[in-house]
Amino acid sequence: MRLLRKVQHPDGSIEVGVSVATSEDLWHLYNFILVGDRVLTRTRRKVPRENALGTIAAEMKMLNLEVEVLQIDFTPDELRIQGVNKKENNFVKLGVHHTLTVHANPPQEVRITKAEWDPICEERLKDACDETAKADTAAVLMSFGEAQVILVTPSFMHVKAKIDVNISKKHKSDGKARDKSIEKFFKQVLDALVTHVDFKKTKLVLLCSPGHVREEFHAYVKEVTQRADNGPLREMFLNLSKFLLVKVNSTTISGLKEALAEPGVAQRMESTKCVDDIRVWEKFQNTMNKDPDLCVYTPQFVYHAATTGAVETLMISDDVFRSDEPTVRRFFLSLVNFVRQSGGATVNVFSSKHITGEKLTQLGSVAAILLYPCPELEEMEVLPEFVYTKTVEDFIRENANSRVPV
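Residues numbered from 1 in each chain as written. Predicted model: local features only at pLDDT ≥ 70, side-chain atom pairs only at ≥ 80, totals over all residues. Heavy atoms only, no water.

If you look the protein chain up in an unreviewed UniProt entry, it shows as Protein pelota homolog from Leptomonas pyrrhocoris. The UniProt entry for the protein chain carries the following comment under Cofactor (unreviewed entry): "a divalent metal cation". Here is the UniProt Subcellular location (unreviewed entry) comment for the protein chain, exactly as written: "Cytoplasm". (UniProt positions renumbered as here; feature names shortened; annotations may be inferred.)

Here we come to the domain arrangement of the protein chain. Assigned domains of the protein chain: these are domain 1 (2-129), domain 2 (137-268) and domain 3 (276-399). Spacing between the C-alpha centres of domain 1 and domain 3 amounts to 32 Å. The partner domain 3 presents 13 residues to the twelve residues of domain 1 that form the contact. Summed over both partners, the interface of domain 1 with domain 3 buries about 1,100 Å², with 56% contributed by carbon and sulfur atoms. The largest per-residue losses of area from domain 1 upon contact with domain 3 belong to Trp 27, Leu 34 and Ile 120, which jointly make up 40% of the total buried on that side. Here Arg 340 ties to Glu 123 by a salt bridge, and the two come within 2.3 Å at their closest N and O atoms. Where domain 1 touches domain 3, the interface holds four residue pairs in polar contact (both at pLDDT 80 or more). Contributing elements (two or more residues each) for the side of domain 1 that touches domain 3: α1 (23-32) and α2 (119-128). Sort the elements by how many residues they give to the side of domain 1 that touches domain 3 and α2 lands first, with four residues. Residue classes in the side of domain 1 that touches domain 3 are distributed as seven nonpolar, one polar and four charged. (Domains from an automatic or database assignment. Contact = heavy atoms within 4.5 Å. Buried area = accessible area lost by both parts, 1.4 Å probe. Salt bridge = Lys/Arg side-chain N within 4 Å of Asp/Glu carboxyl O. Polar contact = N/O pair within 3.5 Å; in protein donor to acceptor, adjacent residues only side chain to side chain. Helix = DSSP H or I, 4+ residues; strand = E, 2+ residues; numbered from the N terminus. Nonpolar A, V, L, I, M, F, W, Y, C, P; charged D, E, K, R; others polar.)

On to the pattern of salt bridges. Across all of its chains, the model carries 17 salt bridges by this definition. What emerges from the salt-bridge pattern is a single network uniting Arg 5, Glu 15, Glu 66 and Arg 111.

All right, on to the pairing of strand β7 (residues 108-114) then. By the criterion of burial, β7 is predominantly enclosed, with five of the seven residues buried. Examined bridge by bridge, strand β2 (residues 14-20) and β7 share seven bridges and lie antiparallel to one another. Paired with Val 16 across the two strands is Ile 112, which belongs to β7. (Buried < 20%, exposed > 50% of the residue type's maximum accessible area, 1.4 Å probe, protein only. Pairing = 2+ DSSP bridges.)

Quick look at the packing of α1 against α2 now. Direction vectors running N to C along α1 and α2 enclose 170°, while the axes themselves pass 10 Å from each other. Considering their axes alone, α1 and α2 lie roughly antiparallel with respect to each other. Touching Asp 25, His 28, Asn 31 and Phe 32 of α1 are Cys 121, Arg 124, Leu 125, Asp 127 and Ala 128, all from α2. In terms of residue class, the contact of α1 with α2 is made up of four nonpolar, two polar and three charged. (Axes fitted to C-alpha atoms, helices over the stretch in contact; angles between N-to-C directions. Parallel < 35°, antiparallel > 145°, perpendicular 65-115°, else oblique.)

What follows deals with the sheet that holds strand β12 (residues 243-247). Taking strand neighbours across the sheet as the criterion, the five strands line up as β10-β9-β8-β11-β12 in an open arrangement whose pairing is mixed. Lying at the two open borders of the sheet, with one neighbouring strand each, are β10 (157-164) and β12. On average, each strand axis in the sheet is tilted by 20° relative to the strand beside it, whichever way the strands run. Seen against the sheet, helix α3 (residues 176-196) touches β8 (137-143), β9 (146-152), β10 and β12 and runs at an angle of roughly 150° to β10.

Okay, the packing of aromatic side chains next. Applying the stated criterion to the full structure yields 16 aromatic pairs. On the basis of an interplanar angle of 55° and a centroid distance of 6.4 Å, the ring pair of Tyr 303 and Phe 331 is categorised as tilted. On the criterion of sequence distance, the pair formed by Tyr 303 in helix α9 (residues 299-307) and Phe 331 in helix α10 (residues 326-342) is long-range, its members being 28 residues apart. Grouping aromatic residues by their ring pairs yields a cluster made of Tyr 303, Phe 331, Phe 332, Phe 338, Phe 386 and Phe 395. (Phe/Tyr/Trp six-rings, centres within 6.5 Å; stacked < 30°, edge-to-face > 60°.)

Here we come to the side chain of Lys 257. Inspection of the secondary structure puts Lys 257 in helix α6 (residues 253-260). For the buried residue Lys 257, which engages in no salt bridge, the nearest side chain bearing the opposite charge is Glu 282, 4.8 Å off. Those residues in contact with Lys 257 that lie beyond four places of it in its chain are Ile 278, Trp 281, Glu 282, Gln 285, Ile 355 and Lys 359. (Lys, Arg positive; Asp, Glu negative; His and termini not counted.)

A few words now on the nonpolar core. By size, the foremost hydrophobic cluster in this structure holds 34 residues, and its most contacted members are Leu 314, Ile 316, Phe 331, Phe 332, Leu 335 and Leu 370. Elements supplying a minimum of two residues to this core: α9, β14 (311-317), α10, β15 (346-350), β16 (366-370) and α12 (390-399). Per-element tally for this core: the top contributor is α10, with seven residues. Ignoring sequence-local partners within four residues, the contact set of Leu 370 consists of Asp 293, Leu 294, Cys 295, Val 296, Ala 305, Ala 310, Val 311 and Glu 312. Met 1, Trp 27, Leu 63 and Ile 112 belong to the second largest nonpolar core, which has 32 residues in total. (Core = buried A, V, L, I, M, F, W, Y, C linked by side-chain atoms within 4.5 Å.)

Before going further, it helps to spend a moment on the sheet that holds β15. Backbone hydrogen bonds are what pair the strands of a sheet, in a parallel or an antiparallel way. Within the open sheet, the four strands sit side by side as β13-β16-β14-β15. Their pairing is mixed. A strand with exactly one partner marks an edge of an open sheet, and here the two such strands are β13 (295-297) and β15. Strand-to-strand twist of the sheet, defined as the mean angle between neighbouring strand axes without regard to direction, takes the value 15°. The strands touched by α10 within the sheet are β14, β15 and β16, with β14 carrying the most contacts at an inclination of about 155°.

This part is about the side chain of Asn 348. Tracing the backbone through its elements, the reader meets Asn 348 in strand β15. Reaching out from Asn 348, the side chain makes a polar contact with the side chain of Asp 277 at a distance of 3.3 Å. Residues contacting Asn 348, with those up to four places away along its chain left out, are Asp 277, Val 280, Thr 313, Leu 314, Met 315 and Ile 316.

Put into structure tokens, the structure is as follows:
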């Protein structure tokens with residue numbers, strides 16, 4: 001993402017202009033825009049038009065519309081921002097509902113105006129515009145007959161293709177049927193790689209499997225691509241050095257987690273944020289198994305551990321900062337501020353589109369590794385609506401720190 005402008009208006013609101021050019025940019029924008037923000041971009045809309053005969057007809061026009069956000073939905077291909085028009089023009093009245101669609105290709109300029117500007121906004125904008133974190137990793141999880149081609153970015157994982165081919169059984173008298181089915185399978189996986197992976201931009205391609213199918217597929221790729229004179233296959237051949245073969249125990253997403261945790265993989269990945277998050281999550285799981293008294297999760301228990309100074313590592317899923325409830329957003333922002341200001345503790349914000357973030361969400365979107373046990377937590381009454389208590393209200397008032405210098 002490229003930052004085009006950032007200004008503060010007299011009313012205290014902050015306006016940010018950015019250019020979106022990749023799926024990663026769309027994800028950052030999805031995290032950056034909240035319900036209540038104003039978003040302006042160029043969009044298509046059908047508008048009424050009266051012809052010479054007085055007949056009303058619909059005409060498609062390209063307009064610059066600014067909406068106040070009511071809902072936002074993300075896919076790696078587009079961002080859909082539902083809202084109401086806040087800037088009247090000749091074609092669209094104030095208050096009319098409209099859905100803005102933001103695509104990465106071709107690049108699109110977007111302007112966001114926020115009434116509140118906090119440290120999380122500042123960090124997200126900085127991360128989004130960090131050019132060193134743009135490299136993508138492609139991964140193939142495979143066994144004989146089954147494969148997934150997955151795009152791995154610093155912020156999310158996206159399954160681009162699934163291949164399922166029935167592999168014939170091997171017979172003592174004739175193995176040709178099996179060989180043909182394997183070749184068919186390899187060809188479909190290769191086609192998926194050619195279709196979904198840009199080898200000029202991708203820095204690493206992981207071939208992961210429990211058995212030896214990754215070695216056989218790699219040999220097949222080398223044999224096929226070296227015969228190509230030009231085109232995508234030739235491009236793949238010139239980038240075979242980007243392929244890294246990794247043994248895993250599973251062809252599910254947990255197998256990919258296993259591959260990303262490999263030291264050799266971390267060294268090759270240009271952006272190691274997701275690798276660092278996996279290491280922290282594994283440390284949390286190992287601590288849970290060996291010494292569960294040094295782990296807490298859910299907002300209530302993490303809050304009490306933090307206020308006693310017991311938190312060593314705080315883990316938060318980024319979905320809490322997209323909550324429609326301002327109280328929820330402000331509580332977790334206050335918690336991050338409090339832990340950071342206490343000194344010594346680290347804070348990891350996990351992407352909800354990565355394996356770690358998905359698992360953390362199941363624990364209440366927040367967890368912590370402790371410096372020492374907090375036995376008083378065992379006797380504490382569980383409050384399902386803890387975030388809306390007077391205790392949290394006071395905590396937010398003291399620690400929200402919602403404004404940062406622009």
